[in-house]
Amino acid sequence: MNGAEALLRTLVDSGVDVCFANPGTSEMQLVSAIGQSDAMRPILCLFEGVVTGAADGYARMADKPAATLLHLGSGISNAMANLHNAKRARVPLVNIVGDHATYHQQYDAPLTADVPARARICSAWSRVAESADDLSVSGAQAVQAAMQGAGAIATVIVPANHAWDEAKEAAPALAASQLQLAAEEAIATVADALGNGKRTAILLGGRALREHNLAAAGRIAAASGATLLCETFPARLQRGAGRVPVQRVPYFGEQVAELLQPFEQLILVGSAAPVSFFAYPGKPSWLTPESCDIHTLASVDEDINTALLALADKIDAPATPTTLVQRNQPTSPSGPLTPMAIGETLSALLPQHCIVSDEGATCGLSIYAATERATAHDWLTLTGGAIGQGLPLSLGAAIACPNRKVVALQADGSGMYTIQALWTMAREQTDVTIVLLNNRSYAILNIELARVGAGEPNAKTLSMLDLSNPDMSFVDMARGMGVAATRAENAEEFHQQFATAMTTKRPQLIEAMVSQ
């Protein structure tokens, strides 16, 4: 048994059974070990950003880590944007990054890089394996570190000679630590605050947005009159018919400030107080009124469920929430293919317990609002703001939940960052329907251009935000990578194509030509 084989055994014993991979020469021992094992499913991705975005989507739905297999400093560098998103989503993820053999590094070969420095940028825990025997020990520690709190990114760096050298045995799996309980003092403080008569908002994030925790928050809101809010870009929000509704904090700072202005106290549960996504000239970055008291019931890394249930008991909340989302009876839209029309179709046709990956950018805002009363579903968003997440995220979610339909709302510009994910969807035959929202523009940047006060734009300026000339055909790109594809020019065509997609279990893309 070599070091790579020992590492693989330890990962499998630790519950890691999926590896999203884009390997190179230094990782061939690990490739061989996976190839000889029935316990690890390898999934080849054609770009490292797809690897890490897929591992993020998998973790959001599976609540456990997948492994990634990356090649040297260049590989982890290419992976970093979606590692940033995964870090913000607080998901468990284990990176395995190959490196040159220890004795080869002195020669400064062309691909030599400071891999540990890159790993530290995006990891909560990282380690260079010191020997073949230490490699599996590092793997066990990485899984344990990834499962700390809500979840974290852990990275093992594997010098090639430690992968091929002989190892005595595989290290045993390590027990995951229990979630830390919220302080009783925090629960008592929040209970007192809920009874003081002040107008109160409860801002939910992280696992507070799972169905059972939303139910507990709904009980608390029923007893106290507090308003339930959720963070702007939740990692996973369980919403739709039969679930407790929450109001999503808007993206634009002015809207957030207006929303929060009436509240005299804000209670944080798995979330942070809202701040502006960017700085703008003459506009505040801190969005909660200075006069508003802020209390924390439980942090994202604490046991949110126990804290919410304890708070509900302490204020004598009713046994069940009094307000649940009611299913609407949507009609088929007609006319121009607007984001609202797309949302109406989704509201009518999303299957029960569907998973929606939302990187719809400006179009996604209207679609989100229109689907509030759809059947129960999970909504995944762009947590870290680094675009290019949507397609890989939906791929990973489909691998984690093969019996659930996944719908990817994908803006055209950000879709091009990780378009290679379509190839892997086709290869793995994932049940993903991509709604490619084609408005031939970086529309959100056109809005931001006006908001930052950068001056009157001219044709040259606007050309940097325009995705026409030439026009892109996502139908042709999808078909070229083995994904069935159609194009919808109006609301009726989209409704029919989406209805067909919901009855077909295969990867497919609908290029929605959004009305300008």
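Preceding block: the structure.
None of the values given here were measured: they were computed from a predicted structure.

### Some details on unusual backbone geometry
Notably, Ala 361 is not glycine yet its phi reads approximately 55°, a positive angle. The topology assignment puts Ala 361 in helix H13 (residues 361-370). Classification of Ala 361 by relative accessible area gives partly exposed; the value is 42%. Phi at Gln 429 is positive, roughly 50°, even though this residue is not glycine. Relative to the helices and strands, Gln 429 resides in the loop between helix H16 (421-428) and strand E16 (432-438).

### Examining the environment of Ala 67
When you line up the elements, Ala 67 lands in strand E3 (residues 67-71). Taking the relative accessible area as the measure of exposure, Ala 67 reaches 1% and is therefore buried. For Ala 67 and Val 51, which are 16 residues apart along the polypeptide, the C-alpha to C-alpha distance reads 9.4 Å. With residues near it in sequence (within four places) discarded, Ala 67 still touches Val 16, Val 18, Cys 19, Phe 20 and Val 94.

### Observations concerning the environment of Arg 373
When you line up the elements, Arg 373 lands in the loop between H13 and strand E14 (377-381). Note on Arg 373: relative accessible area 38%, which makes it partly exposed. Residue contacts for Arg 373: discarding those within four places in its chain leaves Val 325, Gln 326, Arg 327, Asn 328 and Ser 347.

### Observations regarding helix H5 (residues 115-122)
For H5, the complete set of buried residues consists of Val 115, Ala 119 and Cys 122. Here the buried residues of H5 occupy an arc of 75° about the axis, which is enough to place them on one side. Opposite the packed face of H5, turned more than 90 degrees from it, sit the exposed residues Arg 120 and Ile 121. Where H5 begins, the side chain of Asp 114 points an oxygen toward the backbone nitrogen of Ala 117, at a separation of 3.1 Å.

### Notes on the packing of helix H8 (residues 184-194) against helix H11 (residues 304-314)
Here H8 crosses H11 at 45°, and the two axes come no closer than 10 Å. Taken together, the axis directions place H8 and H11 in an arrangement best described as oblique. Judged by the twist between their axes, the crossing of H8 over H11 is right-handed. In contact with Ile 187, Ala 188, Val 190, Ala 191 and Leu 194 of H8, H11 contributes Ala 307, Ala 310, Leu 311 and Lys 314. Broken down by class, the residue content of the contact of H8 with H11 amounts to eight nonpolar, no polar and one charged.

### Some remarks on empty space enclosed by the protein
Scanning the entire structure with this criterion turns up two cavities of 30 Å³ or more. Roughly 130 Å³ of internal volume is contained in the largest cavity. Lining of the largest cavity is provided by 14 residues; of these, Ala 89, Arg 90, Arg 207, Arg 210 and Ala 235 occupy positions nearest its centre. When the residues that make up the lining of the largest cavity are grouped by side-chain class, the tally is seven nonpolar, one polar and six charged.

### Some remarks on the pairing of strand E1 (residues 18-21)
A two-sided burial pattern is seen for E1, the buried positions comprising Val 18 and Phe 20 on one face and Cys 19 and Ala 21 on the other. Between the parallel pair E1 and strand E2 (residues 41-44), the chain is carried across by helix H2 (residues 28-35), and the sense of this crossover is right-handed. The sheet contact formed by E1 and E3 spans three bridges and is parallel. Bridge pairing in E3 links Cys 19 to Ala 67.

### Quick notes on the packing of aromatic side chains
Per the stated rule, a full pass over the model turns up eight aromatic pairs. Ring centres 5.0 Å apart and planes at 75° place the aromatic pair Tyr 251 and Phe 252 in the edge-to-face group. Exposure class is identical for Tyr 251 and Phe 252. Each is buried. Residues Phe 494 and Phe 498 carry aromatic rings whose centres are separated by 5.7 Å and whose planes lie at 25° to one another, so their mutual orientation is stacked. On the criterion of helical spacing, the pair formed by Phe 494 and Phe 498 is a turn pair, its members being four residues apart in helix H20 (residues 491-502). The two residues Phe 494 and Phe 498 agree in class, both being buried.

### What to know about the sheet that holds strand E11 (residues 265-269)
By definition, the strands of a sheet pair up through backbone hydrogen bonds, in either a parallel or an antiparallel sense. Strand order in the open sheet formed by five strands is E10-E8-E7-E11-E12, and the pairing between neighbours is parallel. One side of each edge strand has no neighbouring strand; the edge strands of this open sheet are strand E10 (247-248) and strand E12 (293-298). Bridge analysis of strand E8 (residues 227-230) against E10 gives two bridges, and the strand direction is parallel. Looking across to E10, one finds that Leu 229 is bridged to Gln 247. Of the strands in this sheet, E11 and E12 touch H11, which is tilted by about 115° from E12.

### As for the sheet that holds strand E13 (residues 354-359)
Spatially, the seven strands line up as an open sheet ordered E9-E14-E13-E15-E16-E18-E17, and their pairing is mixed. Looking at strand neighbours, the two that pair on one side only are strand E9 (237-239) and strand E17 (484-488), the edges of this open sheet. Neighbouring strand axes in the sheet, compared pairwise and without regard to direction, differ in orientation by 20° on average.

### What about the pairing of E2?
Where E1 meets E2, four bridges bridge the pair, whose relative direction is parallel. In the sheet register, Cys 19 faces E2, and the bridge partner there is Pro 42.

### Considerations on the layout of surface pockets
Summary: where empty space remains is shown by rolling a probe the size of a single water molecule over the atoms. Taken as a whole, the second largest pocket holds about 820 Å³ of empty space. A total of four residues in the lining of the second largest pocket trace back to one element, the largest contributor, which is helix H4 (residues 72-89). Its residues assigned to classes, the lining of the second largest pocket comprises 15 nonpolar, eight polar and four charged.

### With respect to H2
Of all the positions in H2, only Leu 30, Ala 33 and Ile 34 are classed as buried. Down the axis of H2, the sector holding all buried residues measures 95°, keeping them to one side. Taken together, the buried residues of H2 touch helix H1 (3-13), E1, E2, E3 and strand E4 (93-99).

What counts as what
Residues numbered from 1 in each chain as written. Predicted model: local features only at pLDDT ≥ 70, side-chain atom pairs only at ≥ 80, totals over all residues. Heavy atoms only, no water. Helix = DSSP H or I, 4+ residues; strand = E, 2+ residues; numbered from the N terminus. Buried < 20%, exposed > 50% of the residue type's maximum accessible area, 1.4 Å probe, protein only. Contact = heavy atoms within 4.5 Å. Arc of directions from axis to C-beta. Polar contact = N/O pair within 3.5 Å; in protein donor to acceptor, adjacent residues only side chain to side chain. Axes fitted to C-alpha atoms, helices over the stretch in contact; angles between N-to-C directions. Parallel < 35°, antiparallel > 145°, perpendicular 65-115°, else oblique. Left-handed = near helix turned anticlockwise from the far one by under 90°. Nonpolar A, V, L, I, M, F, W, Y, C, P; charged D, E, K, R; others polar. 1 Å grid on protein atoms, 1.4 Å probe; cavity = no way out; pocket = protein on both sides within 12 Å on 5 of 7 lines; lining within 4 Å. Points joined across faces, edges and corners; volume = space filled by probe spheres on them. Right-handed = clockwise from strand over helix to strand, strands pointing away. Pairing = 2+ DSSP bridges. Phe/Tyr/Trp six-rings, centres within 6.5 Å; stacked < 30°, edge-to-face > 60°.

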